[in-house]
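So the chains spell out like this:
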Amino acid sequence: MKVVNPVLPGMHPDPTVCRVGRDFYLACSSFEYFPGVPLYTSRDLVHWTPVGHALTRRSQLDLRGVPSSGGIYAPTLRHHEGTFFLVTTLAGRGNFVVTAPSPRGPWSDPVWLDIDGIDPSLAFLDGRVFYTRNGRGADSDHPFVYQGELMLAGGPPIAVEPRVIWRGTGGIWPEAPHLYRRDGWYYLVAAEGGTSYGHSVVVARATDPYGPFDPSPHGPLLTHRDRPRLPIQATGHADLVDLEDGTTWAVLLAIRPRGGRHHHLGRETFLAPVRWGDDGWPRMSPVRARLEGPALAQARAPDAPERLRFRPGRLPTGWLSVRNPARGCCTLRERPGFLRLWGTAATIRDVASPALVCRRQQHFEATAQVRLEFEPVHPGEQAGLCLRANEDFNAVLVVALAPGGRELRLDVTLRGETSTLARQAIAAGPVTLELRATAGEYRFSGGTGRPRELGSVPTRSFSAETILAATGRHHFTGAMIGLYATGGGARATVPADVEWFEYSP
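Please read all numbers here as calculations on a predicted model, not as lab measurements.

Conventions we followed
Residue numbering note: each chain is counted from 1, following its sequence as written. The predicted nature of this model means local features are confined to residues of pLDDT at least 70 and side-chain atom pairs, given and counted, to a pLDDT of 80 or more, with totals for whole chains, interfaces and linings taken over all residues. Here the side-chain values reflect all heavy atoms present in the structure, with hydrogen atoms and water set aside. Numbering of helices and strands starts at the N terminus; helices are DSSP runs of H or I of at least 4 residues and strands are runs of E of at least 2. Computation of the radius of gyration draws on C-alpha atoms, with the globule rule given as 2.2 Å multiplied by the number of residues to the power 0.38. Burial classification: accessible surface area is computed with a 1.4 Å probe over protein chains only, and a residue below 20% of its type maximum counts as buried, one above 50% as exposed, and the rest as partly exposed. The contact criterion used throughout is that any non-hydrogen atoms of two residues lie within 4.5 Å. Working definition of accessibility: Shrake-Rupley area with a 1.4 Å probe, residue cover restricted to the visible protein chains. Charge counting treats Lys and Arg as positive and Asp and Glu as negative, with His and both chain ends excluded. To locate a charge, take NZ of a lysine, CZ of an arginine, CG of an aspartate or CD of a glutamate. Here, a salt bridge means any side-chain nitrogen of Lys or Arg that lies within 4 Å of a carboxyl oxygen of Asp or Glu. A strand pair is defined by DSSP finding two or more bridges across the two strands. Criterion for a disulfide: a pair of cysteine sulfur atoms within 2.5 Å. For our purposes a nonpolar core is just a set of buried Ala, Val, Leu, Ile, Met, Phe, Trp, Tyr and Cys residues, chained together by side-chain atoms within 4.5 Å. What counts as an axis is a line fitted to C-alpha atoms, over the stretch in contact for a helix, and the angles between N-to-C directions run from 0 to 180 degrees. A patch consists of residues whose relative accessible area exceeds 30% and which take part in no salt bridge; residues with like charges are grouped when within 9 Å of each other, and nonpolar side chains (Val, Leu, Ile, Met, Phe, Trp, Tyr) when within 5 Å.

J.: Honestly, the overall build of the protein chain in this entry has me stumped. Any pointers?
T.: If you tally the helices and strands in the protein chain, you get one helix and 39 strands. Its C-alpha atoms give the protein chain a radius of gyration of 23 Å, near enough to 23 Å, the size a compact globule of 505 residues would have. Taken along its principal axes, the extent of the C-alpha atoms in the protein chain is 75 × 50 × 50 Å. When burial is assessed residue by residue, the protein chain has 59% of its 505 residues classed as buried. For the protein chain, the share of sequence-separated contacts (at least 6 apart) that also reach a separation of at least 24 residues comes to 57%. When the accessible surface of the protein chain is summed, it comes to about 20,100 Å², and 50% of that surface belongs to carbon and sulfur atoms. In the protein chain, which carries 55 positive and 49 negative side-chain charges, the distance between the mean positions of the two groups comes to 5 Å.

The following block contains the structure:
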């Protein structure tokens with residue numbers, strides 16, 4: 001069986017994996033998007049099927065006021081005695097754990113553990129539950145790896161105060177620690193170097209779960225920082241899983257830059273083998289786009305239909321809101337066969353909850369189309385197709401009201417400044433909107449008949465590198481394509497009805 005990396009393309013950062021019998025389960029970070037923490041299952045580690053999300057209620061995840069690239073960081077998913085445990089960070093608020101009898105739920109409300117550090121992990125070893133995370137040293141701003149234990153005892157988990165167990169190998173930002181046991185050794189696998197081009201996976205081991213830990217004499221377990229010509233970069237944040245045949249595999253995050261050092265799809269999930277040397281230390285080779293996969297029967301996931309027609313119930317798994325959605329802004333019930341959006345006062349440029357639902361862009365070359373019915377009656381009312389990196393970097397192709405009637409308008413926001421690239425008068429009736437993506441460019445088209453091109457924007461305008469250079473802030477997510485409506489400062493008086501949405505690689 002061949003592996004084609006990434007195994008989860010588009011924004012799927014900070015992967016974590018566990019095995020239960022023949023089944024594998026995987027979770028990723030979700031940041032400001034809701035529902036939080038996507039969950040997948042697989043029988044072969046290569047083809048993954050979505051099963052839902054762990055955080056689906058406001059009581060579990062309140063994202064009000066959370067900035068872009070804030071929110072949910074780096075979960076760890078584990079299974080123990082019939083229960084799934086997911087521990088994660090709500091940035092700036094603390095670390096918590098939720099539990100469920102199945103990845104499909106129901107997931108519990110959070111039990112808060114502590115307010116320090118990020119990237120928590122759990123390890124069920126020797127009848128104990130080790131709780132590992134990063135955190136700053138008492139006398140230094142440099143993060144260290146901390147570890148304590150959770151006391152379960154049939155009630156809510158209680159965290160025993162973690163203490164420093166390892167100071168890393170000297171790289172910046174030791175984080176994403178995971179503890180494993182193998183052949184009498186306790187292995188601590190962590191990330192260092194920051195989650196960009198200097199990213200790495202490092203490993204240390206000890207005979208006691210609290211150390212002292214000695215780093216591998218072979219250097220980083222994995223890094224591409226000295227291989228700038230490889231098409232895959234920023235490899236790190238790995239989680240290991242042992243197969244029934246005794247082999248070990250890692251899921252990890254990496255990026256695929258285009259047009260120089262620019263990546264806009266986000267950090268994605270990759271799969272790579274781990275070899276164990278005669279000296280008991282793990283080894284990994286550079287991550288490749290194509291490689292021989294695990295010795296497991298192929299279990300290909302069913303392909304999602306390209307054209308999504310809307311039915312009563314819920315949107316398919318993989319459709320997300322920016323923060324918790326405003327009540328009533330998105331409904332499949334009011335007009336059967338359509339997704340109805342009621343624009344709120346919020347816009348795509350606000351740190352708020354606009355009437356917006358979106359999905360990951362997962363391919364460099366892809367086309368998104370939407371069929372929309374919308375007849376605005378006030379100047380601020382808009383609805384259409386959106387491309388989102390964050391509030392300060394986005395593009396919308398919307399139906400809006402002009403002095404002479406309806407118009408199509410392409411508005412692009414870069415560095416927080418919005419400009420109208422093009423506008424085009426349109427007649428009454430349903431409108432088809434289109435976004436065509438290549439590795440280097442987004443092209444926007446629309447019309448009541450055959451779509452006509454209105455304008456284009458370079459993909460690098462939405463890259464994490466561009467955003468960091470312009471704002472000084474790291475951008476941890478990736479390009480999202482979706483449906484959007486706004487009342488432009490007030491609730492819209494008319495709805496926007498979407499008949500279908502199509503995403504074609």
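Still to come is the rest of the account.
J.: I tried to follow the pattern of salt bridges on my own but got confused; where do I start?
T.: A pair can form between side chains of opposite charge whenever their charged atoms are brought close. Within the structure shown, the criterion is met by 32 salt bridges. For arginine 388, the salt bridge is made with glutamate 32, and the minimal N-O distance between the two is 3.0 Å. Of this pair, arginine 388 sits in strand 31 (residues 382-390) while glutamate 32 sits in the loop between strand 3 (23-27) and strand 4 (33-34); the two residues are 356 residues apart in sequence, bridging distant segments of the chain. Residue classification places glutamate 32 among the buried residues on the basis of a relative accessible area of 0%. Here arginine 473 ties to aspartate 392 by a salt bridge, and the two come within 3.3 Å at their closest N and O atoms.

J.: Help me understand the pairing of strand 8 (residues 83-90) in this model?
T.: On a regular strand, each side chain points to the face opposite its neighbour's, so the side chains alternate between the two faces of the sheet. Burial within strand 8 is extensive, with seven of its eight residues counted as buried. Across seven bridges, the pairing between strand 7 (residues 72-80) and strand 8 is antiparallel. Looking at strand 8, one finds that histidine 79 is bridged to phenylalanine 84. The turn linking strand 7 back onto strand 8 is made up of two residues, and glutamate 81 within it adopts a positive phi angle of 50 degrees. Here strand 8 pairs with strand 9 (residues 94-100) via seven bridges, running antiparallel. Directly across from threonine 88, in strand 9, lies its bridge partner phenylalanine 96. What sits between strand 8 and strand 9 in their antiparallel hairpin is a turn of three residues, with glycine 92 showing a positive phi close to 85 degrees.

J.: Please clarify how the state of the cysteines should be interpreted in this entry.
T.: In protein chemistry, a disulfide is the covalent bond that joins the sulfur atoms of two cysteines. A full pass over the atoms with the stated rule returns zero disulfides. Cysteine 358 forms no disulfide, and the closest cysteine sulfur to it belongs to cysteine 386, at a distance of 6.3 Å.

J.: Would you mind going over the nonpolar core with me for this structure?
T.: One broad trend across soluble globular proteins is that nonpolar side chains are buried collectively. Ranked by size, the top nonpolar core spans 46 residues in total, and within it Leu387, Phe444, Leu483 and Phe501 carry the most contacts. Excluding anything up to four places from it in sequence, leucine 387 contacts Gln361, Asn394, Ala395, Leu435, Tyr442, Phe444, Phe462, Ala479, Met480 and Ile481. Within the second largest apolar cluster, 21 residues are counted, among which are Val51, Val66, Leu77 and Phe96.

J.: Any chance you could explain unusual backbone geometry here in plain terms?
T.: Glycine aside, the phi torsion of most residues is negative, and most peptide linkages are trans. Going from asparagine 5 to proline 6, the amide bond is cis rather than trans, its omega being 0 degrees. Secondary-structure assignment places proline 6 in the loop between strand 1 (2-4) and strand 2 (16-20). Located in the positive-phi region is alanine 234, a residue other than glycine, with phi close to 60 degrees.

J.: Help me understand the sheet that holds strand 14 (residues 158-166) in this model?
T.: Sheet architecture is open: four strands sit in the order 11-12-13-14, paired in antiparallel fashion. If you trace the sheet from one side to the other, it starts and ends with strand 11 (121-125) and strand 14, each paired once. Neighbour-to-neighbour, the strand axes of the sheet open up by a mean angle of 30 degrees, direction not taken into account. Bridge count between strand 12 (residues 128-136) and strand 13 (residues 143-151): seven bridges; the pairing is antiparallel. Counterpart to glycine 135 in the pairing with strand 13 is phenylalanine 144.

J.: Can you help me understand a nonpolar patch on the surface in this one?
T.: Taken together, the side chains of Met151, Ile158 and Val160 define a hydrophobic patch exposed on the protein surface, amounting to about 280 Å² of accessible area. Secondary-structure assignment places valine 160 in strand 14.

J.: How do you make sense of the sheet that holds strand 21 (residues 248-255) when you look at a structure like this?
T.: Strands pair in a sheet through their backbones, by hydrogen bonds, and they do so in one of two ways: parallel or antiparallel. With respect to topology, four strands assemble into an open sheet ordered 20-21-22-23, the strand pairing being antiparallel. Two strands close off the open sheet at either side, each with one partner strand: strand 20 (233-242) and strand 23 (282-283). Summarising the sheet, strand 20 and strand 21 pair through six bridges and their orientation is antiparallel. Bridging from a neighbouring strand, leucine 240 pairs with alanine 250 of strand 21.

J.: So what exactly am I meant to see when it comes to the pairing of strand 13 here?
T.: Along strand 13, eight of the nine residues are buried, which leaves the element largely enclosed by surrounding structure. The pairing of strand 13 with strand 14 spans six bridges and is classified as antiparallel. The partner of tyrosine 146 across the bridge, within strand 14, is valine 164.

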